[in-house]
Amino acid sequence: MTDGPAETGAAVRTVLVDDHPVVRAGLRALLTAAGGIDVVAEADSGPAAVAAVREQEVDVVLMDLRLGDDAAMDGVAATRAVLALTDPPRVLILTTYDTDVDILRAVEAGAAGYLLKDAPPDRLVQAVHAAARGETVLAPVVAERLMSRLSSPRPELSARELEVLGLVADGLSNRVIAKRLVVSEATVKSHLVHIFTKLDVDSRTAAVAAARAAGLIR
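Here we summarise the structure given alongside this text. On a predicted model such as this, the values are computed, not experimentally measured, just so you know.

1. Considering the environment of Val188
Okay, step 1: Secondary-structure assignment places Val188 in helix α10 (residues 185–199).
Okay, step 2: Once the C-alpha coordinates of Val188 and Val107 are considered, the two residues, 81 residues apart in sequence, prove to be 23 Å apart.
Okay, step 3: Residues contacting Val188, with those up to four places away along its chain left out, are Val164, Asn174, Ile177, Ala178 and Val183.

Next comes the structure, spelled out in structure tokens:
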């Protein structure tokens, strides 16, 4: 992305990434009707999103986090892949998830913003334009969570610990988690020990329950 649309006066060239056709159709209708935004492509998976960005000039990618059953490339992995391209567009996360694990993974991947799907239509339109201008856009609840983590005196789970705990909550064993994260089982066990200590629990079940109650994982 060279000169941005704000400098050239051109419409913001946008790619919609969501595995639900109805959601994409609704977003396209909303953004097109608002004016100043040109939806140049749609994608229903991470690989399709990367391909769409490679094929044409794009200013902003609206990216969902959950992209079907493609565990190898969810919205965060797709964000990393898009941002690794030459002269990449800005990536704006648009999802239903507001847990710490999702927010931190997206921020660490380099997302320019994080909005929830219940955002008012005008807020979403403004966010696309803001992202194209190089600004960071956060839903109020997301900004509050990030600020809370920064100001909280209590121990917080790291992004990797949250990721491990999220996989535990999905019912995966240490061996499967290690394979998924490309680490050793010993590393997974070490993360769990730290998690148990920080949450003051003594079992996987109790850790998952405590994390869900605190809004840390889904």
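Now that the structure has been shown, the text picks up again.
2. Examining empty space enclosed by the protein
Okay, step 1: Within the structure shown, the criterion is met by one cavity of 30 Å³ or more.
Okay, step 2: Taken together, Val17, Asp18, Leu27, Leu62, Met63, Asp64, Leu94 and Lys117 form the lining of the largest cavity.

3. A look at the nonpolar core
Okay, step 1: If you look at the biggest cluster of nonpolar residues, it comprises 73 residues, and the most contacted ones within it are Leu31, Val61, Met63 and Leu165.
Okay, step 2: If you tally residues by element for this core, the top one is helix α6 (residues 121–132), at seven residues.

4. Thoughts on the pairing of strand β5 (residues 113–116)
Okay, step 1: Alternating positions in β5 separate into two faces, Gly113 and Leu115 on one and Tyr114 and Leu116 on the other, with burial throughout.
Okay, step 2: When strand β4 (residues 90–95) meets β5, the two strands line up parallel, connected through four bridges. For Ile93, the partnering residue across the bridge sits in β5 and is Tyr114.
Okay, step 3: Relative to strand β6 (residues 137–138), β5 runs parallel, the two sharing two bridges. Considered in β6, the bridge of Tyr114 is made with Leu138.
Okay, step 4: In the classification by handedness, the crossover that spans β5, the intervening α6 and the parallel β6 is left-handed.

5. Details of the pairing of strand β3 (residues 60–63)
Okay, step 1: Residues Val60 and Leu62 line one face of β3 and the alternating positions Val61 and Met63 line the opposite face, and both faces are buried.
Okay, step 2: Summarising the sheet, strand β1 (residues 12–17) and β3 pair through four bridges and their orientation is parallel. When the bridges of β3 are listed, Leu16 appears paired with Leu62.
Okay, step 3: Sheet topology places β3 next to β4; four bridges connect them, and they run parallel.

6. Notes on the environment of Gly35
Okay, step 1: In this fold, Gly35 is placed in the loop between α2 (21–34) and β2 (37–43).
Okay, step 2: Given the relative accessible area of 32%, Gly35 is considered partly exposed.
Okay, step 3: In the structure, Gly35 is positioned eleven residues away from Arg24 in sequence and 17 Å away in space, judged by C-alpha atoms.

7. Regarding the pattern of salt bridges
Okay, step 1: Across all of its chains, the model carries ten salt bridges by this definition.
Okay, step 2: Its salt-bridge partner being Arg105, residue Asp74 comes within 3.1 Å of it at the nearest N-O pair. On the criterion of sequence distance, the pair formed by Asp74 in the loop between β3 and α4 (75–83) and Arg105 in helix α5 (residues 100–109) is long-range, its members being 31 residues apart. Accessibility classification places Asp74 together with Arg105 in one group, the buried group.
Okay, step 3: Between Arg133 and Glu135 there is a salt bridge; the shortest N-O distance is 2.9 Å.
Okay, step 4: By relative accessible area, which is 48% here, Arg133 ends up partly exposed.
Okay, step 5: Among the charged side chains, a network of salt bridges with common partners joins Asp74, Arg105, Arg160 and Glu163.

8. A look at the sheet that holds β6
Okay, step 1: As summarised here, the arrangement of the six strands in space is β2-β1-β3-β4-β5-β6, forming an open sheet in which the pairing is parallel. Of all the strands in the sheet, just β2 and β6 have a single pairing partner and so form its edges.
Okay, step 2: In this fold helix α3 (residues 46–55) packs onto β1, β2 and β3, with an angle of close to 135 degrees to the strand it touches most, β2.
Okay, step 3: Its contacts with the sheet place α4 against β3 and β4, and it is angled at close to 165 degrees to β3.

Cut-offs and rules
Residues numbered from 1 in each chain as written. Predicted model: local features only at pLDDT ≥ 70, side-chain atom pairs only at ≥ 80, totals over all residues. Heavy atoms only, no water. Helix = DSSP H or I, 4+ residues; strand = E, 2+ residues; numbered from the N terminus. Contact = heavy atoms within 4.5 Å. 1 Å grid on protein atoms, 1.4 Å probe; cavity = no way out; pocket = protein on both sides within 12 Å on 5 of 7 lines; lining within 4 Å. Points joined across faces, edges and corners; volume = space filled by probe spheres on them. Core = buried A, V, L, I, M, F, W, Y, C linked by side-chain atoms within 4.5 Å. Buried < 20%, exposed > 50% of the residue type's maximum accessible area, 1.4 Å probe, protein only. Pairing = 2+ DSSP bridges. Right-handed = clockwise from strand over helix to strand, strands pointing away. Salt bridge = Lys/Arg side-chain N within 4 Å of Asp/Glu carboxyl O. Axes fitted to C-alpha atoms, helices over the stretch in contact; angles between N-to-C directions.

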